[in-house]
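# An overview of the molecular structure
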Amino acid sequence: MQHILAFILTILTSLSYGQNFTYPTIKQQAKEINDFVPVGWMVLDSADGDLNKDGVADVAIILQHKDSILLTNSFNDTVLTQPRILLVLFRNAVGNTFTVAEQSNTFILKHDNPAMDDPYLEMAINKGVLEIKFHLFYNSGSWYVTNAVYKFRYQQENFVLIGADNASFHRATHDFEEYSYNFLTKKRAFTKGNDNKRIKNTTWKTVDVAPLKTLKTFGEPFTWEVEKSIFL
């Protein structure tokens, strides 16, 4: 009986904690990366490279809450998950300190569905561009595998989405569709084919998005209807 009561108390505590959850206040400047990690959080991933063209390597880090809590997701479903935060830190050569240049509490997808793998794949900084990749693989309920990459570049004091790729693959039929967007040239390539039949066809289209999306305005991946019935 005591074990049952303890279990119920744990569940009620988790429910209450999830309902009262708020994202922590992050330090805006510090000398060490760990100084930006609040109590109860940990670094899930990181990448380094020059993002603001000052010749000094900056850092992007993903923080994850150490405990799983109940939260309401973008579909208004209550899920058990570990919240995540994306931080972009500019390194100051003078004084060797870091300053928070960007924070997003929504862009890094959380692992909140036991029927799928962790959707977050990896992050990198290449030639001044921050690339964040996601991978949607369901163990049950869907035959489709989706891979997406989002490319942000720092310009006009914002991290602007300059490009994005979204590719889906059907594990049974081997049919695939790939969308590749360049928001600077306003071009979109669409490739459709089948791996087994070794066929594919690519078409191009002009897509003018104004204003361009940024890390501040994007929200959550796979929720932006960039074209009719096409989501990034």
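Preceding this paragraph is the structure being described.
For every chain, the first residue of its written sequence is number 1, and the numbers climb from 1 along that sequence. Reporting of local features is limited, given that this is a predicted model, to residues whose pLDDT is at least 70; pairs of side-chain atoms are given and counted only at 80 or more, and all residues count toward the totals for whole chains, interfaces and linings. Side-chain measures here rest on the full set of heavy atoms in the structure, leaving out hydrogens and waters.

## Re the pairing of strand 7 (residues 97-104)
What counts is decided by this rule: DSSP calls a pair of strands paired once it identifies at least 2 bridges connecting them. Segments assigned H or I by DSSP are reported as helices when at least four residues long, segments assigned E as strands when at least two residues long, and all are numbered from the N terminus.
Alignment of strand 1 (residues 29-30) against strand 7, held across 2 bridges, turns out to be antiparallel. Among the inter-strand pairings, Q29 is bridged to a residue of strand 7, identified as T99. Judged from the 7 bridges that link them, strand 6 (residues 84-92) and strand 7 form a sheet pairing that is antiparallel. Residue pairing across strands places F90 opposite T99, the latter belonging to strand 7. Counting the residues in the hairpin turn of strand 6 and strand 7 gives 4 residues, including G95, whose phi is positive at 90°.

## Points about the sheet that holds strand 2 (residues 41-49)
Here 5 strands make up an open sheet; going across it, the order is 1-7-6-3-2 and the pairing antiparallel. The open sheet has two edge strands with one neighbour each: strand 1 and strand 2.

## Looking at the sheet that holds strand 11 (residues 158-170)
Threshold: Where helices are involved, their axes are fitted lines through C-alpha atoms of the stretch in contact, as for all axes, and angles between N-to-C directions lie from 0 to 180°.
Overall, antiparallel pairing links the 7 strands, which are arranged 8-9-10-11-12-13-14 in an open sheet. Unpaired on one side and paired on the other, strand 8 (120-126) and strand 14 (199-206) mark the two borders of the sheet. Across the sheet, the mean angle from the axis of one strand to that of its neighbour is 15°, orientation sign disregarded. Note: strand 13 (residues 187-194) against strand 14, 8 bridges, orientation antiparallel. Following the sheet pairing, A189 is matched in strand 14 by W204.

## Focus: the nonpolar core
Note the cut-off: Throughout this description, the term nonpolar core refers to a set of buried Ala, Val, Leu, Ile, Met, Phe, Trp, Tyr and Cys residues connected via side-chain atoms within 4.5 Å. Only protein chains enter the calculation, and the probe is 1.4 Å; a residue is then buried if its accessible area is under 20% of its type maximum, exposed if over 50%, and partly exposed in between. By definition, residues are in contact when any of their heavy atoms lie within 4.5 Å.
Counting residues in each nonpolar core, the largest one holds 34 residues, and the members touching the most others are F107, M123, L130, I132, Y150 and F183. Sorting the residues of this core by element identifies strand 3 (58-65), strand 6, strand 8, strand 9 (129-137), strand 10 (144-155), strand 11, strand 12 (175-182) and helix 2 (215-218) as the ones contributing at least two each. In contact with Y150, not counting residues within four places along its chain, are F107, L130, E131, I132, F134, L161, G163, A164, F218, P221, F222 and L232. If you look at the next biggest cluster of nonpolar residues, it comprises 15 residues, including F21, A30, I69 and I85.

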